[in-house]
Amino acid sequence: MPPKKKTKKTTKKVPEKCENDSEAKYKRSILDIAVLQDHIAIQCESAIKIQSDRVDLRRRMRDMEQKLQHERQDHRDVNSDLRRQYKTMQTELSSKVKRLEKEVSQLKEELVLCQDELKREKREREQVEQEKDTIISDLCHKMDNMETDYEKILHDTLDSLTSRLSVAGQGWKGKSTELHQNHQDLLSEFGLNALNI
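Cut-offs and rules
Residues numbered from 1 in each chain as written. Predicted model: local features only at pLDDT ≥ 70, side-chain atom pairs only at ≥ 80, totals over all residues. Heavy atoms only, no water. Helix = DSSP H or I, 4+ residues; strand = E, 2+ residues; numbered from the N terminus. Buried < 20%, exposed > 50% of the residue type's maximum accessible area, 1.4 Å probe, protein only. Areas by Shrake-Rupley, 256 points an atom, 1.4 Å probe, with all protein chains shown as cover. Salt bridge = Lys/Arg side-chain N within 4 Å of Asp/Glu carboxyl O. Patch = residues over 30% accessible without salt bridge, like charges linked within 9 Å, V, L, I, M, F, W, Y side chains within 5 Å.

Colleague: Kindly report on the overall build of the protein, identifying the contributing residues and their values.
Modeller: Across its full length, the protein holds 1 helix and 0 strands. Split into buried and exposed, the 197 residues of the protein put 0% on the buried side. When the accessible surface of the protein is summed, it comes to about 19200 Å², and 58% of that surface belongs to carbon and sulfur atoms.

Colleague: Could you give an account of the pattern of salt bridges, naming the residues involved and the relevant values?
Modeller: The tally for this structure, following the rule as stated, stands at 9 salt bridges. For Lys49, the salt bridge is made with Asp53, and the minimal N-O distance between the two is 3.5 Å. Of the two residues, Lys49 and Asp53 both sit in helix H1 (residues 2-189), 4 residues apart, roughly one turn of that helix. Given the relative accessible area of 35%, Asp53 is considered partly exposed. Close ionic contact of Arg120 with Glu117 constitutes a salt bridge, the shortest N to O distance being 2.2 Å. On the criterion of helical spacing, the pair formed by Arg120 and Glu117 is a turn pair, its members being 3 residues apart in helix H1. Given a relative accessible area of 32%, Glu117 falls into the partly exposed group. When salt bridges with common partners are traced through the structure, they connect Asp56, Arg59 and Asp63 into a single cluster.

Colleague: Tell me about a nonpolar patch on the surface, and please be specific about residues and values.
Modeller: Residues Leu154, Leu158, Leu161 and Leu165 make up a contiguous nonpolar surface patch of about 390 Å² in total accessible area. Its place among the elements puts Leu161 in helix H1. Relative accessible area serves as the criterion here: at 43%, Leu161 is assigned to the partly exposed category.

In structure tokens:
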């Protein structure tokens, strides 16, 4: 029985202590709950902010992906256009090079023909000049001969004319003297003096 006594003593003390413990536990639980609620509220706010940030980041990531796709498409378009332009320019340059090579070939042929024509004309001109010089030399020689012949003919003619004039002059002198005498005779028949007339 003594244990029963002990139990009674302990039972009286335990409820008081239990009540104090319970109250402390209750207060502590209320504080823990408040702290946990604050923590949960903070966590909720943080989760909401994180969720909002995640949504914003997803939206920004989608925008960036779309932008990247647009830029890739633009890059592909630019590359395609540049390749097309390069091929076009290459084709044009190739055709231009071929055309210019053909022109150069034609011009070389024309140059060869022109050089041949120039040589031919040069030879012809030299031949013509040589013939002309020969003709001029022949003509000068003929002119010199003709001059000598004409000079001789002129001298002969002048000598002949001089001698004929001399003969004619003497013949005229005799005739004029005779004619003069006849006229004087006629004048004297009429009684006129030739010196007075």
